[in-house]
Amino acid sequence: MKGIELCDAGGLARFDWPADAEFERAYCTPLLKDGVSTHVANVEATMMLLRVGNLVFPVTINDREYQNSYVCSPYTATILYPLEELAKLPSRVLRGSLAALIHCVAPLLRAAQINKVVSVNNWLLSTNLYPAWDGAEIDAVTQILRKRFPDRALMFRSLNRATNAELCDRFLAAGYRLVPSRQVYLFDGIHADYLRRPNTRWDQRLLEKTHYAVVPHEGLSDADDAEAVRLYGMLYLKKYSQHNPQFTAALVRLWRRERLLEIVGLRSPEGRLDGVVGCFARHGVLTAPLVGYDTALPQKVGLYRMLMALVLRGAARQGVTLNLSSGAAGFKRLRGGVPHLEYTAVYYEHLPRVRRAVWNMLALLLTKIGARVLQKYEL
């Protein structure tokens, strides 16, 4: 179809890059050439590019890969990760009931080949931000992807009603289901009232008085890339979950050298990189997919508080909406974060009846139970 093009690694040399797609070109080309696993260790997927007019979206194609990170695996997102998250619920009865339900659902999802998916706009990050796209081509894109991948569900992750309202409506009109995935926290950097919150002000004062040096993007070097991965791993992989994307030094180096993420570090007087945060921005929305610090240091040092102070200050300075993703809900609420349900738009009308039935069941469970648990317990 005119204006819409799919490209795999073999077709890169012939791909019609739009004139203003330098960011997408710099980000996606190495992943297509070198393979996704070189950059995100716990993701096995085939990557392609989808051009829609002057926009380019990274696309991942999966089959089974049940141990993949949730950024590519619906099974991990709805079974493996939630089983770990149950420990946060205060009710023992609720934990047991939900664990039993998840274990009952798991074999059905595998039998229905739940991981046979095509995920569009998948930057392999916890939060995939969207370009300036009103979704007018969704019907045409859906038809092309249905024809190319007749045995796979189609997915668009990381949608919420605060920043993607028009897209959400377009997906619904095109026959997609909006399936709740998690609760994310947004900060209004345009008015930045959150900067007047007591906790936010305490964090800013801590940042002003710290003996740590704030290292700007250009002050980081190749030697810091592996350290950034180590610090991220201490927080997001060891403290939280191995199902988070496992970034490699190759990916951090790509982000830093091409300035695809704006990365800032906290360096101790002894020269150690003890904290790092990297921000990703698209169309007036900012998120921080790379956050890490030395969790072995005492909490009173306040490394996480200072990193978040840098991000909150940056969002206010740029006048953009900050999507701080999920997790650390209490911390984010105290600093003015507003909770919003995040959705995945899923299209599966072309799949066999049994697989459609399982997707419908999963969507119903996540809407009627999953979303309510997230909201009630402020996760």
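Here goes a summary of the coordinates provided. (Residues numbered from 1 in each chain as written. Predicted model: local features only at pLDDT ≥ 70, side-chain atom pairs only at ≥ 80, totals over all residues. Heavy atoms only, no water.)

**Some thoughts on the overall build of the chain**
For the record, the criterion: In DSSP terms, a helix is any run of H or I states spanning at least four residues, a strand is any run of E spanning at least two, and both are numbered starting from the N terminus. Radius of gyration: over C-alpha atoms. The globule rule applied is 2.2 Å multiplied by the number of residues raised to the 0.38 power. Here the term buried applies to any residue with accessible area under 20% of the maximum for its type, exposed to any over 50%, and partly exposed to those in between, with areas from a 1.4 Å probe on protein chains only. When checking whether two residues touch, look at their non-hydrogen atoms; a contact exists if any pair is within 4.5 Å. Method for areas: the Shrake-Rupley scheme with a 1.4 Å probe, in which residue coverage is limited to the protein chains shown. Counted as positive: Lys and Arg. Counted as negative: Asp and Glu. His and the chain ends are not counted at all. To locate a charge, take atom NZ for lysine, CZ for arginine, CG for aspartate or CD for glutamate.
Each helix and strand in the chain was counted, giving 11 helices and 12 strands. Here the C-alpha atoms of the chain give a radius of gyration of 20 Å, agreeing with the 21 Å that 2.2 N^0.38 yields for 379 residues. Based on the C-alpha atoms only, the size of the chain along its principal axes is roughly 60 × 55 × 35 Å. When each of the 379 residues of the chain is scored for burial, the buried share is 56%. Sequence-distant contacts in the chain: of pairs separated by 6 or more residues, those separated by 24 or more amount to 74%. Total accessible area on the chain stands at roughly 16500 Å², and carbon and sulfur atoms take up 52% of it. A gap of 7 Å separates the mean positions of the 48 positive and 35 negative side-chain charges of the chain.

**Some thoughts on the side chain of Arg282**
For Arg282, the position within the fold is in strand β9 (residues 273–282). The exposure class of Arg282 is buried, given its relative accessible area of 12%. Beyond its immediate sequence surroundings of up to four residues, Arg282 is in contact with Phe23, Glu24, Trp123, Leu129, Tyr130 and Pro131.

**Points about the nonpolar core**
The condition is simple: Nine residue types can take part in a nonpolar core, namely buried Ala, Val, Leu, Ile, Met, Phe, Trp, Tyr and Cys, and a core is a set of them joined through side-chain atoms within 4.5 Å.
Counting residues in hydrophobic clusters, the biggest one holds 75 residues, and the most contacted among them are Tyr27, Leu49, Leu124, Trp255 and Val291. Counting residues per element, this core draws most heavily on helix α9 (residues 303–318), at 10 residues. Each residue touching Trp255, except ones within four places of it in the same chain, is listed here: Tyr27, Leu125, His217, Phe247, Leu260, Leu261, Ile263 and Leu290. Counting residues in each nonpolar core, the second largest holds 34 residues, with Leu50, Val141, Leu167 and Ala371 among its members.

**Some thoughts on the state of the cysteines**
Test applied: Working definition: a disulfide is two cysteine sulfur atoms within 2.5 Å of each other.
Tallied over the full model, the rule gives zero disulfides. The thiol sulfur of Cys72 is not disulfide-bonded, and the nearest other cysteine sulfur, from Cys28, lies at 13 Å.

**Brief notes about the packing of helix α1 (residues 22–34) against helix α8 (residues 249–257)**
What counts here: For every element, the axis is a line fit to its C-alpha atoms; helices are fit only across the contacting stretch, and the angle between N-to-C directions ranges from 0 to 180 degrees. Under this scheme an angle from 65 to 115 degrees is roughly perpendicular, one under 35 degrees roughly parallel, and one over 145 degrees roughly antiparallel; angles in between are oblique. By definition, turning the near helix anticlockwise from the far helix through less than a right angle yields a left-handed crossing, and turning it clockwise yields a right-handed one. Amino acids outside the nonpolar list (Ala, Val, Leu, Ile, Met, Phe, Trp, Tyr, Cys, Pro) and the charged list (Asp, Glu, Lys, Arg) are all regarded as polar, and Gly is one of them.
At their nearest, the axes of α1 and α8 sit 10 Å apart, and the two run at 155° to each other. Taken together, the axis directions place α1 and α8 in an arrangement best described as roughly antiparallel. Our pair here, α1 against α8, has a crossing hand that is right-handed. Between α1 and α8, the residues in contact are Ala26, Tyr27, Pro30 and Leu31 and Leu251, Leu254 and Trp255, respectively. In terms of residue class, the contact of α1 with α8 is made up of seven nonpolar, no polar and no charged.

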